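As a plain string of letters, each chain reads:
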Amino acid sequence: MENSQLLVFFLSSIGKILIIVHLLLIGVMAMIWAERRVSGWMQDRLGPNRVGFQGILQPIADGLKFLFKEDLIPDHVDKPLYVLAPAMLLVPAMVTIAVVPFGSSITILGNEIPLQIADINIGILYVLAVTSLGVYGVVLGAWASNNKYSLLGGLRSSAQMISYELTLGLAIIGVLMLTSSLSLREIAMAQGSYPWHWNFLIHFPAFLAFTTAMFAETNRLPFDLAEAEQELVAGYHTEYSSMKFAMFFMAEYMNMIVGSTVVVTLFLGGWHFFGLENIGGPVWSGLISFGIFFVKTAIFLFVFIWVRWTLPRFRYDQLMNLGWKFLLPVALTSIVVTGTLWIMTNSRLIVGIGNVVSAFIVVSIVAGLLVMKTPKPAIQDSDENSHQPLSTQ
Amino acid sequence: MRKDPNRVSGEPMTLNFGPQHPATHGTLRIVVELDGETVLKATPHLGYLHTGFEKLGEHHDYNQYIVVTDRMNYLSPLSNNFGYVLAVEKLMDIQVPERCEYVRVILAELSRIADHMIWLGMGALDLGAFTVMLYGFEEREKLYSIFEKTTGARLTTSYTRVGGLMRDIYDGFEEDVRTFLSTFPKTLKEVHTLLTRNRIWMDRTKDVGVVSAEDAIDYGLTGPCLRASGVDWDLRKAEPYSYYEEFDFDVPVGTNGDVYDRYLVRMEEMIQSGRIVQQALDNLPDGPVNVDDYKISLPTKEDAYGNIEGLIHHFKIIMDGHGVQPPAGEVYCATESPNGELGFYIVSDGSGKAYRIRIRPPSFMHFQAVPHMIEGGMVSDIVAVLGSLNIIAGELDR
């Protein structure tokens with residue numbers, strides 16, 4: 001590489017890192033505000049609307065409050081781990097974004113700058129590896145807190161994250177097979193401009209499994225068993241206060257944002273949208289593609305919020321059931337079916353149809369087996385209509 | 001997934017569930033022994049909200065004590081007011097005017113709806129459905145506005161008096177209530193959409209906290225919790241009071257006695273309460289709301305200021321030792337409060353204050369059944385069961 005190219009690479013990388021990290025941090029604040037306002041809207045109330053226009057500065061006020069709170073370290077904790085744990089959760093959440101392509105590319109002064117911090121050829125492995133590190137923060141934080149509620153939260157979290165990590169990894173194998181690449185940029189590019197070419201249609205069951213596992217990875221309702229404030233007070237961060245608690249809080253939102261960008265890249269066509277990303281010159285097309293990516297991520301984040309304020313929480317064993325008995329078989333079947341049909345027909349349409357049909361069959365079989373194995377309820381006189389309220393005199 | 005409670009791997013962990021815990025509404029405490037997440041043994045403790053309500057009855061006169069009853073089940077104070085004065089009236093053998101009974105029934109049923117709305121919201125919140133809680137609170141808020149206009153207070157209603165009511169209902173009460181009756185089923189429908197066929201909700205509530213009909217009777221469960229187990233027992237039907245026999249309503253009965261059935265029974269009870277209120281409003285008689293006896297109820301202001309008889313009685317009924325004085329004797333009178341059988345046992349020595357007041361709160365009996373329901377379940381089931389029982393610490397610890 002020539003010196004000038006090296007310089008351009010160096011400078012542009014620093015610029016991109018600065019921009020993306022700040023966007024991520026601002027995104028976290030925006031998400032906190034959006035979550036509170038959207039939940040308010042869903043629940044017939046206002047939500048925070050006092051600080052700044054429509055309450056947009058509320059997260060800053062909250063952040064300041066956290067900074068000024070006393071940073072209490074209880075006597076009974078394992079101090080080094082206790083202090084380290086929030087960072088161990090926050091850092092993996094933040095560095096995952098490095099391999100996610102957030103737009104096509106911008107050409108400045110003849111130098112093409114891809115809109116991605118690092119286009120490494122094993123990008124997807126990097127994502128899986130780094131996100132799975134996050135569980136250490138939760139488990140060690142819970143363990144170091146020396147609190148029974150924290151411990152239970154940490155145990156739940158580790159079991160949950162490890163189980164769903166499998167689904168997360170297996171669900172994307174079909175995508176990788178059709179793309180023949182592990183690079184996130186190439187996966188996004190291979191999907192093309194039109195929604196009917198995007199991976200979420202070709203690998204629909206895998207898409208659902210991946211999204212569900214993503215929810216579980218981010219510890220959000222209906223999978224927020226690790227916190228479950230009605231059961232475990234605050235779960236793994238019960239003993240944390242001040243900025244340390246805020247870091248756990250930020251990590252959750254950062255995981256959401258990063259998770260959304262990964263889903264958008266893998267399944268929702270990345271920065272493509274009906275060829276809109278090709279309009280304009282070398283600079284404008286790059287910016288437009290970034291805008292498209294941004295909007296797609298925002299829509300997906302809205303789904304995160306929507307689900308959280310709609311669904312109740314799973315129980316620990318039900319969560320494991322869902323992960324091991326439904327999502328994992330669906331993901332495994334998806335691999336077999338995608339591979340077989342792709343070799344036999346080389347047609348994306350047939351792969352897509354085959355995936356949906358096979359997933360349907362698998363879920364039916366598993367559900368049937370579970371129904372057969374379920375023990376009868378304790379009381380014998382339950383009839384078919386037992387779920388209906390019976391009005392008698 | 002239920003594990004065999006006898007199969008312990010390693011040493012069980014003792015977890016203090018409460019008294020300061022988000023799921024123990026009020027201040028309850030359950031000491032649970034855990035094997036992993038499975039509850040091996042649960043020991044409920046009470047007394048964290050002890051207020052001496054029963055003892056206060058010996059130092060307050062009969063009308064003053066109404067104020068105390070507000071604070072017992074703080075989700076439905078009007079039902080407590082109602083149950084208490086009914087007991088005193090039974091002791092004194094007073095027949096209150098028909099209009100008074102109808103108004104009491106309307107308010108008791110409305111407070112049943114308010115109570116169930118909060119129960120629904122808090123129960124759903126415990127299982128993570130936050131939005132349902134706010135939907136429930138919104139309806140309760142509308143009811144509390146009606147209560148506030150009627151009684152002057154949202155929570156501390158103290159609306160009933162021995163032999164009548166504090167005052168008649170306000171003009172426009174009927175329209176307000178009818179508006180509420182026409183709108184609240186919509187919220188229930190939304191909640192049904194959100195929860196009733198929701199897979200997660202069903203998984204969390206079905207076959208959780210099961211109590212068979214025999215066990216429910218043995219434990220002394222009453223109200224929706226008893227009916228969810230399949231026992232068709234409602235004091236409004238079984239031992240009607242205050243013209244309940246004249247209203248046409250159904251008593252929903254469950255089959256499995258699990259959390260899900262308790263949820264469905266309470267949901268249906270709100271609709272049935274709406275029917276009762278509707279009928280009571282349609283047939284609301286005119287006339288006075290207080291008994292025509294100045295030894296029992298306060299004279300009207302015209303009488304108090306207009307003639308000497310009224311003035312004297314006005315003073316006497318307020319003065320210590322000259323007011324309401326039931327004959328010596330004892331009485332037990334139970335009403336179907338939103339949570340179940342709310343009974344007042346009053347012993348009178350013929351003076352202006354009760355010799356002893358003993359309360360039979362539904363929550364007390366429900367709390368003793370908690371270990372039976374949660375042992376063998378998981379930590380998450382504790383909150384589901386506690387939520388479904390609607391244990392109110394105020395009446396639990398009198």
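Residues numbered from 1 in each chain as written. Chains lettered and ligands numbered in written order. Predicted model: local features only at pLDDT ≥ 70, side-chain atom pairs only at ≥ 80, totals over all residues. Heavy atoms only, no water.

Caption draft 1: Here's a closer look at the interface of chain B and chain A. Contacts between the two partners involve 56 residues from chain B, matched on the other side by 40 residues from chain A. The contact between chain B and chain A buries some 4,100 Å² in all, and 55% of this surface belongs to carbon and sulfur atoms. Where Arg 156 of chain A meets Glu 37 of chain B, a salt bridge forms, and the shortest distance between an N and an O atom there is 2.5 Å. On the surface where chain B and chain A come into contact, there are 11 residue pairs in polar contact (both at pLDDT 80 or more). Of all the secondary structure elements, the ones that give two or more residues to the side of chain B that touches chain A are strand 1 (13-17), helix 4 (98-126), helix 5 (130-151), helix 6 (173-196), helix 7 (199-205), strand 6 (251-253), helix 11 (259-282) and helix 16 (379-389) of chain B. Looking at the side of chain B that touches chain A, its residues break down into 29 nonpolar, 13 polar and 14 charged. (Contact = heavy atoms within 4.5 Å. Buried area = accessible area lost by both parts, 1.4 Å probe. Salt bridge = Lys/Arg side-chain N within 4 Å of Asp/Glu carboxyl O. Polar contact = N/O pair within 3.5 Å; in protein donor to acceptor, adjacent residues only side chain to side chain. Helix = DSSP H or I, 4+ residues; strand = E, 2+ residues; numbered from the N terminus. Nonpolar A, V, L, I, M, F, W, Y, C, P; charged D, E, K, R; others polar.)

Caption draft 2: Highlighting a nonpolar patch on the surface. All names here are of chain A. Side chains of Ile 26, Met 29, Phe 53, Ile 56, Leu 57, Ile 60, Leu 64, Leu 67 and Phe 68 sit close together on the surface and give an oily, nonpolar patch of about 940 Å² of accessible area. Elements with a contribution of two residues or more to the nonpolar patch: helix 1 (3-42) and helix 2 (58-68). In terms of residue count, helix 2 provides more of the nonpolar patch than any other element does, 4 residues in total. (Patch = residues over 30% accessible without salt bridge, like charges linked within 9 Å, V, L, I, M, F, W, Y side chains within 5 Å. Areas by Shrake-Rupley, 256 points an atom, 1.4 Å probe, with all protein chains shown as cover.)

Caption draft 3: Fine view of the sheet that holds strand 1 of chain B. All names here are of chain B. Reading across the sheet, the 3 strands line up as 1-2-3 and stay open at both edges, with antiparallel pairing between neighbours. The open sheet is flanked by strand 1 and strand 3 (38-45), the only strands paired with a single partner. Taking each pair of neighbouring strands and ignoring which way they run, the sheet shows an average axis angle of 20 degrees. Pairing geometry for strand 2 (residues 29-35) and strand 3, over 7 bridges, is antiparallel. (Pairing = 2+ DSSP bridges. Axes fitted to C-alpha atoms, helices over the stretch in contact; angles between N-to-C directions.)

Caption draft 4: Structural context of empty space enclosed by the protein. Residues and elements named next belong to chain A. Summed over all chains, the structure comprises 7 cavities of 30 Å³ or more. One number sums up the size of the largest cavity: a volume of about 200 Å³. Lining the largest cavity are 22 residues, and of these Thr 131, Leu 168, Met 214, Glu 217 and Asn 255 sit closest to its centre. Of all the elements in the fold, those that place two or more residues in the lining of the largest cavity are helix 3 (79-95), helix 4 (123-145), helix 5 (148-171), helix 9 (204-217) and helix 11 (242-267). For the lining of the largest cavity, the element with the highest residue contribution is helix 4, accounting for 6 residues. Of the residues that constitute the lining of the largest cavity, the class distribution is 15 nonpolar, 6 polar and 1 charged. (1 Å grid on protein atoms, 1.4 Å probe; cavity = no way out; pocket = protein on both sides within 12 Å on 5 of 7 lines; lining within 4 Å. Points joined across faces, edges and corners; volume = space filled by probe spheres on them.)

Caption draft 5: Highlighting helix 9 of chain A. Residues and elements named next belong to chain A. For helix 9, which comprises 14 residues, the first-to-last C-alpha distance of 20 Å matches the rise-based estimate of 20 Å (1.5 Å per residue) to within 8%. Among the 14 residues in helix 9, 11 count as buried, and that is most of the element. Trailing helix 9 by a residue or two, Asn 219 shows a phi angle of about 60 degrees, which is positive. (Expected span 1.5 Å × (residues − 1). Buried < 20%, exposed > 50% of the residue type's maximum accessible area, 1.4 Å probe, protein only.)

Caption draft 6: A look at the sheet that holds strand 9 (residues 354-360) of chain B. Residues and elements named next belong to chain B. The 3 strands are arranged 7-8-9 in an open sheet whose pairing can be described as antiparallel. Here the strands that pair on one side only, and so sit at the sheet edges, are strand 7 (329-337) and strand 9. Going from strand to strand, the sheet's axes swing by 15 degrees on average, the running direction of each strand aside. With 6 bridges connecting them, strand 8 (residues 340-348) and strand 9 associate as antiparallel partners. Looking across to strand 9, one finds that Ser 348 is bridged to Ala 354. Sitting on the sheet, helix 3 (residues 77-92) is in contact with strand 7, strand 8 and strand 9, with an inclination near 150 degrees to strand 7.

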